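Letter by letter, the chains look like this.
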Number of protein chains: 2
Amino acid sequence: MGKIYVVGLGPGGENQMTPRAKEAIACCDIVAGYGVYMDLIAPLLAGKEQIVTPMKGEIERCRLAVEAAADGHTVAVVSSGDAGVYGMAAPVLALAAAYPEISVEVVPGITASTAAAAILGAPLTHDFATISLSDLLTPIETIEQRVRAAAQADFVICLYNPSSRKRADYLRRACTWILDVRSGETPCGYVRNAGREGECYGYCTLRELMDFQADMFTTVLIGNSTTRMLGRRMVTPRGYRIPETEK
Amino acid sequence: MGKIYVVGLGPGGENQMTPRAKEAIACCDIVAGYGVYMDLIAPLLAGKEQIVTPMKGEIERCRLAVEAAADGHTVAVVSSGDAGVYGMAAPVLALAAAYPEISVEVVPGITASTAAAAILGAPLTHDFATISLSDLLTPIETIEQRVRAAAQADFVICLYNPSSRKRADYLRRACTWILDVRSGETPCGYVRNAGREGECYGYCTLRELMDFQADMFTTVLIGNSTTRMLGRRMVTPRGYRIPETEK
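In this text, all values refer to a predicted model and were calculated from it rather than measured experimentally.

### Some remarks on the sheet that holds strand β1 (residues 3-8) of chain A
Residues and elements named next belong to chain A.
Consideration 1: If you trace the five strands from one edge of the open sheet to the other, you get β3-β2-β4-β1-β5, paired in parallel fashion. Where the open sheet ends on each side, the last strands, each with one partner, are β3 (49-53) and β5 (103-107). Averaged over all adjacent pairs, the angle separating strand axes in this sheet is 20 degrees, with direction ignored.
Consideration 2: Sheet analysis places β1 next to strand β4 (residues 74-79), joined by six bridges and oriented parallel.

This is the structure:
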């Protein structure tokens, strides 16, 4: 009876990983993950077999993990952030569905949107849409429809995978879609390497965001119509009605 | 020079709280929070002054915390989940903006959407919208516009605060808006008290969700057009194009 833990490591630093995530890795004999994230948890991997494949080999990695579990091993598949947000939880569950004797447990972690939001202030204190700009598995038309819908309905927007070498202008395009309905002065923020070595962040307006050079380690947050810069932090109020006590 | 930590405790259990959240509470001399959540961290509060007000007194609690920091204290304001998602981070930053000498640090936690998703399977592996059905601070017309926009653009939808005694039919109304454009067979899931004592969860179709009795401790997840039940778990595939390796 094999078991798979799909573990979210959080932003990367050990002090933002939950005890439950650590325990799950500790009880496994095999750990599968992308090289960069395996390096972040190197001290936890001593004595364990490792399944490491390159970035694009992530489905192959899940398959190897599921096969190892079918052989009776206890396996951890690790992702940065939360393994259920654009992560490995879905492919592992899909592949493991063919082996009813394998039990799969998803261990949540702090996802990039809230890690980045905490650094920038409190931009996510009202309804928000989480959208990936990666068109590797999703047609760009679907992405455009979602960005436009989120902008029109005044969601705060959190962009994952805002850019890569092959789609250097996607963030700019997303900004133009949002600018059709939202002010160019809307406060925005970006965080690169949130919560791990090399963390950096900044603020700009939606108009300025058009010329920002993001990469795949960057999370971008775009305010809604109520988001303000307050004491140099990006803050979305909790609601559209001001309660008596906040006036 | 006072300091405020706005700390997300995660779902509630100590094994899902980050070391950083614990450290932040440990270095404070005053801790402010809602009674239920203070109880969850009772062992961490020994010897500390506590600011506890009833649920509706949360802004007053933030104000007392900010005033204590202005007096030179180190104060933690604790929330369940992530303090930046419908939490106390925004009001604390707004109130603290009047005192430039106070430094505010937001410590992220695992938010209810990903905690609930992990229990249900992997429903959030593609773009999703996080919406609160509480109309305490937001007009119901704005909520309706967002739910409809999210449904039309095929977002997975995560509902916070799906119901309360005063608005018992809000979840039902949200379902009718979504049913205008999404199949009644769409897989949905709900988790009550995710990650803490009394946790329970279940699955149903969108049509069945109309008659589900939620409460304020419940998080509801509504699949998009690709979400499936796989091996008795709720799974949204990672994308709309199937990569070669997943076929």
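After presenting the structure, the write-up continues.
### Digging into the packing of aromatic side chains
The description of two aromatic rings rests on the distance between their centres and on the angle between their planes.
Consideration 1: Scanning the model with the defined rule gives eight aromatic pairs over all chains in all.
Consideration 2: Relative to A:Tyr203, the ring of A:Tyr201 has its centre 6.0 Å away and its plane inclined at 85 degrees; by these criteria the two rings are edge-to-face.
Consideration 3: According to the relative accessible area criterion, A:Tyr203 is partly exposed, its value standing at 25%.
Consideration 4: One cation-aromatic arrangement involves A:Arg146 over B:Phe155; the distance from NZ or CZ to the ring centre is 5.7 Å.

### Observations concerning the interface of chain A and chain B
The extent of an interface is frequently quoted as the accessible surface area lost upon association of the parts.
Consideration 1: With 69 residues of chain A at the interface, the matching set in chain B holds 69 residues.
Consideration 2: Contact between chain A and chain B buries roughly 5900 Å² in total, counting both sides, with carbon and sulfur atoms accounting for 58%.
Consideration 3: On the chain A side of the contact with chain B, A:Leu137, A:Arg146 and A:Arg238 bury the most area, a combined 14% of that side's loss.
Consideration 4: Where chain A packs against chain B, one counts 30 residue pairs in polar contact (both at pLDDT 80 or more).
Consideration 5: Residues of the side of chain A that touches chain B, tallied by class, amount to 34 nonpolar, 21 polar and 14 charged.

### Details of the environment of B:Val220
Residue and element names in this part refer to chain B.
Consideration 1: Position of valine 220 among the secondary structure elements: in strand β11 (residues 218-222).
Consideration 2: For valine 220, a relative accessible area of 0% translates into the label buried.
Consideration 3: Residues valine 220 and valine 191 lie 29 residues apart in sequence; the distance between their C-alpha atoms is 6.6 Å.
Consideration 4: Contact partners of valine 220, with chain neighbours within four places excluded, come to Ile157, Cys158, Leu159, Pro162, Leu171, Gly189, Tyr190 and Leu209.

### With respect to the packing of helix α3 (residues 58-70) of chain B against helix α4 (residues 89-96) of chain B
The relative placement of two packed helices comes down to the angle between their axes together with the axis-to-axis distance.
Residues and elements named next belong to chain B.
Consideration 1: Where α3 meets α4, the closest approach of the two axes is 9 Å, and the angle between their N-to-C directions is 45 degrees. With respect to each other, α3 and α4 are oriented oblique. For α3 against α4, the interelement crossing comes out right-handed. Mapping the contact onto sequence places Ile59, Cys62, Arg63 and Val66 in α3 and Pro91, Val92, Leu95 and Ala96 in α4.

### Some remarks on the pattern of salt bridges
Consideration 1: Counted according to the given criterion, the structure contains 26 salt bridges over all chains.
Consideration 2: Its salt-bridge partner being A:Glu105, residue A:Lys3 comes within 2.9 Å of it at the nearest N-O pair. One end of the pair, A:Lys3, is in strand β1; the other, A:Glu105, is in strand β5, with 102 residues separating them in the sequence.
Consideration 3: Residue B:Lys22 pairs with B:Glu14 through a salt bridge whose shortest N-O separation is 2.7 Å.
Consideration 4: With relative accessibility at 39%, the residue B:Glu14 sits in the partly exposed group.
Consideration 5: One network of salt bridges, in which partners are shared, links A:Asp127, A:Asp154, A:Arg182 and B:Arg146.

### Here we look at the packing of helix α6 (residues 140-152) of chain A against helix α7 (residues 170-179) of chain A
All names here are of chain A.
Consideration 1: Across the interface, α6 lies against α7 with an axial gap of 9 Å and an inter-helix angle of 40 degrees. Relative to α7, the element α6 is oriented oblique. By crossing handedness, the relation of α6 to α7 is classed as right-handed. Taking contact as the criterion, the partners of Ile140, Ile143, Glu144, Val147, Arg148 and Ala151 in α6 are, on α7, Tyr170, Arg173, Ala174, Trp177 and Ile178.

### Focus: the relation of the copies chain A and chain B
Consideration 1: In screw terms, the move from chain A to chain B is a rotation of 180 degrees and a rise of 0.0 Å along the axis, fitting with an RMSD of 0.0 Å. Here the two chains are linked by the operation of a two-fold rotation axis.
Consideration 2: In this assembly the copies share their binding face: 100% of the residues contributing to the interface of chain A also contribute to that of chain B.

### Here we look at unusual backbone geometry
Consideration 1: Located in the positive-phi region is B:Asn193, a residue other than glycine, with phi close to 55 degrees.
Consideration 2: Classification of B:Asn193 as buried rests on a relative accessible area of 11%.

### Brief notes about helix α5 (residues 112-120) of chain A
All names here are of chain A.
Consideration 1: The buried fraction of α5 amounts to eight of the nine residues, a majority that puts the element mostly inside the structure.
Consideration 2: Listed in full, the buried residues belonging to α5 are Ser113, Thr114, Ala115, Ala116, Ala117, Ala118, Ile119 and Leu120.
Consideration 3: A positive backbone phi angle near 140 degrees is found at glycine 121, which sits one or two residues after α5.

### Topic: the pairing of strand β9 (residues 187-192) of chain A
Residue and element names in this part refer to chain A.
Consideration 1: For β9, a buried count of five out of six residues is recorded, marking the element as mostly surrounded by other parts of the structure.
Consideration 2: The sheet contact formed by β9 and strand β11 (residues 218-222) spans five bridges and is antiparallel. Note that in β11 the partner of tyrosine 190 across the bridge is valine 220.

### Describing the state of the cysteines
By definition, a disulfide links two cysteine residues through a covalent bond between their sulfur atoms.
Consideration 1: A full pass over the atoms with the stated rule returns zero disulfides over all chains.
Consideration 2: With no disulfide partner, A:Cys204 has as its closest neighbouring cysteine sulfur the one in A:Cys188, 5.3 Å distant.
Consideration 3: Take B:Cys200: it sits in no disulfide, and the sulfur closest to it among the cysteines is that of B:Cys204, at 13 Å.

### Focus: the sheet that holds strand β12 (residues 228-230) of chain B
Consideration 1: Sheet architecture is open: three strands sit in the order β6-β13-β12 (chain B), paired in mixed fashion. Whereas interior strands pair on both sides, the edge strands pair on one side only; in this sheet they are β6 (121-122) and β12 of chain B.

### With respect to the side chain of B:Lys48
Residue and element names in this part refer to chain B.
Consideration 1: Here lysine 48 shows up in the loop between α2 (35-40) and β3 (49-53).
Consideration 2: Buried charged residue lysine 48 carries no salt bridge. Nearest counter-charge: aspartate 29, at 7.6 Å.
Consideration 3: Reaching out from lysine 48, the side chain makes a polar contact with the backbone oxygen of alanine 26 at a distance of 3.0 Å.
Consideration 4: The residues touching lysine 48, leaving out its near neighbours within four places in the chain, are Ile25, Ala26, Cys28, Asp29 and Val31.

Conventions adopted
Residues numbered from 1 in each chain as written. Chains lettered and ligands numbered in written order. Predicted model: local features only at pLDDT ≥ 70, side-chain atom pairs only at ≥ 80, totals over all residues. Heavy atoms only, no water. Pairing = 2+ DSSP bridges. Helix = DSSP H or I, 4+ residues; strand = E, 2+ residues; numbered from the N terminus. Axes fitted to C-alpha atoms, helices over the stretch in contact; angles between N-to-C directions. Phe/Tyr/Trp six-rings, centres within 6.5 Å; stacked < 30°, edge-to-face > 60°. Buried < 20%, exposed > 50% of the residue type's maximum accessible area, 1.4 Å probe, protein only. Lys NZ or Arg CZ within 6 Å of the ring centre and 35° of its normal. Contact = heavy atoms within 4.5 Å. Buried area = accessible area lost by both parts, 1.4 Å probe. Polar contact = N/O pair within 3.5 Å; in protein donor to acceptor, adjacent residues only side chain to side chain. Nonpolar A, V, L, I, M, F, W, Y, C, P; charged D, E, K, R; others polar. Parallel < 35°, antiparallel > 145°, perpendicular 65-115°, else oblique. Left-handed = near helix turned anticlockwise from the far one by under 90°. Salt bridge = Lys/Arg side-chain N within 4 Å of Asp/Glu carboxyl O. Least-squares fit on C-alpha atoms with pLDDT ≥ 70 in both. Disulfide = S-S within 2.5 Å. Lys, Arg positive; Asp, Glu negative; His and termini not counted.

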